[in-house]
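Structure at a glance
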Amino acid sequence: MDRLIINGGRKLTGTVEISGAKNAALPIMAASILAEGDHLLHNVPRLRDIMTMGRLLANLGAGFHLDENGAILNCSRISNYEAPYDLVSTMRASVLILGPLVARLGRAKVSLPGGCAIGARPINLHLMGLKKMGASIKLEAGYVLARAKRLRGAAIYFDIPTVTGTENIMMAAVLAEGRTVIENAAKEPEVLDLANALISMGAKIKGAGDSTIEIDGVTSLRPLDYSIIPDRIETGTFMTIAGITAGDITIKKCRPDHLDALIDKLRAAGIRFRNVKDGIRVIGPERLNAANTKTMPYPGFPTDMQAQFMAMMCVAQGTSVISEKIFENRFMHVAELRRMGADITIEGGTATVRGIERLKGAPLMATDLRASASLIVAALAAEGRTTISRIYHLDRGYEKIEDKLGRLGADIRREKE
Ligand code: EPZ
């Protein structure tokens, strides 16, 4: 396994380019199941999770190639309809092939994803939606068995605006008979990106990006030739890095308009922003102010930025109160930040962070994707040397992060553990 070695204390300055959004690329790759022919995807990030989704599709009989120009997928000869446990257990987003497989083949056998570090993460809402559309759903030996001659349009209300649940049902509905209406749908930019990709295939979708989405089923779709939106969480992570290192970073190929709630909080913490062509310039203050936040579904403060924001608040002036409202256990980074001297107390889903002058480097361990990002944020500003082990978690969601940080002046290197 690899680990990162970081010597902190440097102001990071310069320009960084953002990669394509992992959480848009994954559902859009799954959508390639819905149509024969060669699908071309551009601005696809080179990440472990993308390779895992590629392997999953190849396991179904699809062709998959990824290089610096993007991805080519061909699902003309999909024959197998099973997503095995050994693949699904490494990536929960594998559940995204459920809707497209039932829509294309009329059947799917997908391993239940199981829990993960940040919570139980059930898929009951995905299955409720498919059932309403006429699928028979059976749970057997840890697998979901779904079958339907042809899915029928239905009215589906989500108790929680589930992101991948909305994406799964949208992909099931585009080839169903009649109209599907999803109420209390997730509004994340990645959901809208999937809808735009499906529309480019010939799907009839209205309202994506808002709470109510209407999908009128069609009989067939054409292959994709589509470019993925930039990754807003990678963008937000670099913003917190500029903030904590009193840096001056110009972030290119990004969509700041996808991050209004985060930028609002970063401004409250004393970070300044300047619009530039095709990006945004971010300037960190000498000392950050404390700021409170709570994670909410989009357009609220993103849960995927909670850990990185907390790392930054560890060295702010004053006390910050941070509440995690989406997942039941997304404070795995707190124990590691405390090892660096952070003063954080947890009460249920709320963390109280008393800012200190300086964090101290320490040997740390990554536990999940965004927790490992928060440890990098902290290490870049800490005094002395930090090692972060198990960074395979990081490689799931950040493309060549040590190269990008090195080019901004960070003292960072990767080595075999
Ligand atoms: C997506 O996960 C993202 N993953 C997550 O990003 C992100 O943290 C999350 O949305 C919230 O924004 C992808 O898009 C691949 P949810 P998802 O369904 O769809 C509960 C990362 O770091 N729920 O919106 O799994 C669930 O337990 C990852 O890239 C049910 O109860 O999240 C959670 O508490 C981590 N039943 C809440 O809803 C269901 O059927 C939100 O989950 C589905 C969800």
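Before reading on, note that the structure itself is shown above.
So, a few notes on the structure that sits alongside this text. Starting from 1, residues in each chain are numbered consecutively following that chain's sequence as written. Local features in a predicted model are, by the rule used here, given only for residues with pLDDT of at least 70; side-chain atom pairs are given and counted only at 80 or more, and totals for whole chains, interfaces and linings are based on all residues. Here the side-chain values reflect all heavy atoms present in the structure, with hydrogen atoms and water set aside.

1. Description of the overall build of the protein
Counted only if it meets this: Here a strand is any run of E in DSSP of at least two residues, a helix any run of H or I of at least four, and the numbering for each starts at the N terminus. For the radius of gyration, the atom set is restricted to C-alpha positions; the globular benchmark scales as 2.2 Å times the number of residues to the power 0.38. Methods summary: accessible areas were calculated by the Shrake-Rupley approach with a probe of 1.4 Å, and residue burial reflects only the protein chains presented. In this tally Asp and Glu are treated as negative and Lys and Arg as positive; neither His nor the chain ends contributes. Taken as the charge centre is NZ of Lys, CZ of Arg, CG of Asp or CD of Glu, depending on the residue.
Within the protein, the regular secondary structure consists of 14 helices and 24 strands. A compact globule built from 417 residues should have a C-alpha radius of gyration of about 22 Å, and the protein, at 21 Å, falls within 12% of that. C-alpha extents for the protein along the principal axes are approximately 65 × 40 × 40 Å. Accessible surface for the protein amounts to roughly 16,100 Å². Of this, 48% is attributable to carbon and sulfur atoms. Of the charged side chains in the protein, 54 are positive and 45 negative; the average position of the first set lies 1 Å away from that of the second.

2. Quick look at the sheet that holds strand E23 (residues 385-389)
For the record, the criterion: When DSSP finds two or more bridges between two strands, those strands count as paired. To obtain an axis, a line is fitted to C-alpha atoms, over the contacting stretch when the element is a helix, and the angle between two such axes runs from 0 to 180 degrees between their N-to-C directions. Throughout, a residue-residue contact means that at least one pair of heavy atoms, one from each residue, lies within 4.5 Å.
Spatially, E22-E23-E1-E24 is the arrangement adopted by the four strands of the open sheet, whose pairing is mixed. Single-partner strands in this sheet number two, and they are strand E22 (363-365) and strand E24 (411-416). When strand polarity is set aside, the average angle formed by the axes of neighbouring strands in this sheet is 20 degrees. Summarising the sheet, strand E1 (residues 2-7) and E24 pair through six bridges and their orientation is antiparallel. Counted as the bridge partner of asparagine 7 is aspartate 411 from E24. Helix-sheet contacts for helix H12 (residues 369-381) involve E1, E22 and E23, and the interaxial angle to E1 is about 30 degrees.

3. As for the pairing of strand E15 (residues 248-252)
Summarising the sheet, strand E2 (residues 13-17) and E15 pair through five bridges and their orientation is parallel. Each residue of the ladder has a partner; that of threonine 15, found in E15, is threonine 250. Where E15 lies against strand E17 (residues 279-283), five bridges are found, and the strand directions are antiparallel. Across the sheet, aspartate 248 pairs through a bridge with isoleucine 283, a residue of E17.

4. Side note on the pattern of salt bridges
Applied cut-off: Salt bridges are defined by distance alone: a side-chain nitrogen of Lys or Arg within 4 Å of a carboxyl oxygen of Asp or Glu. We call a residue buried when its accessible area falls under 20% of the maximum for its residue type, exposed when it is over 50%, and partly exposed in between, using a 1.4 Å probe and counting protein chains only.
Going through the model one piece at a time under the given rule, you end up with 26 salt bridges. One salt bridge in this structure joins lysine 11 and glutamate 286, with 2.9 Å as the shortest N-O distance. Separated by 275 residues along the polypeptide, lysine 11 in the loop between E1 and E2 and glutamate 286 in the loop between E17 and strand E18 (293-294) bring together distant segments of the chain. With a relative accessible area of 68%, glutamate 286 lands in the exposed category. The residue arginine 287 makes a salt bridge to glutamate 357 at a minimum N-O spacing of 3.4 Å. A residue pair is termed long-range when its members are at least 10 positions apart, and arginine 287 in the loop between E17 and E18 and glutamate 357 in the loop between strand E21 (350-354) and E22 qualify at 70 residues. When salt bridges that share partners are traced, they join Asp2, Asp395, Glu402, Arg414 and Lys416 into one network.

5. Comments concerning the site of the ligand
Counted only if it meets this: The criterion for a residue being near a molecule or strand is simple. One of its heavy atoms has to lie within 4 Å of it. Nitrogen and oxygen atoms within 3.5 Å of one another constitute a polar contact, given that in protein one can donate a hydrogen and the other can accept it, and given that sequence-neighbouring residues count only through two side-chain atoms.
Lining the immediate surroundings of the ligand are 20 residues, of which Leu125, Thr162, Thr164, Asp304 and Ile326 lie closest. With respect to the ligand, the backbone of leucine 125 contributes an N or O atom lying 2.7 Å from an oxygen atom. Contact with the protein chains hides 88% of the accessible area of the ligand, taken as 830 Å² for the molecule alone. Among the secondary structure elements, those contributing two or more residues to the shell around the ligand are helix H1 (22-31), helix H5 (124-132), helix H6 (163-173) and H12. Tallying contributions element by element places H5 first for the shell around the ligand, with three residues.

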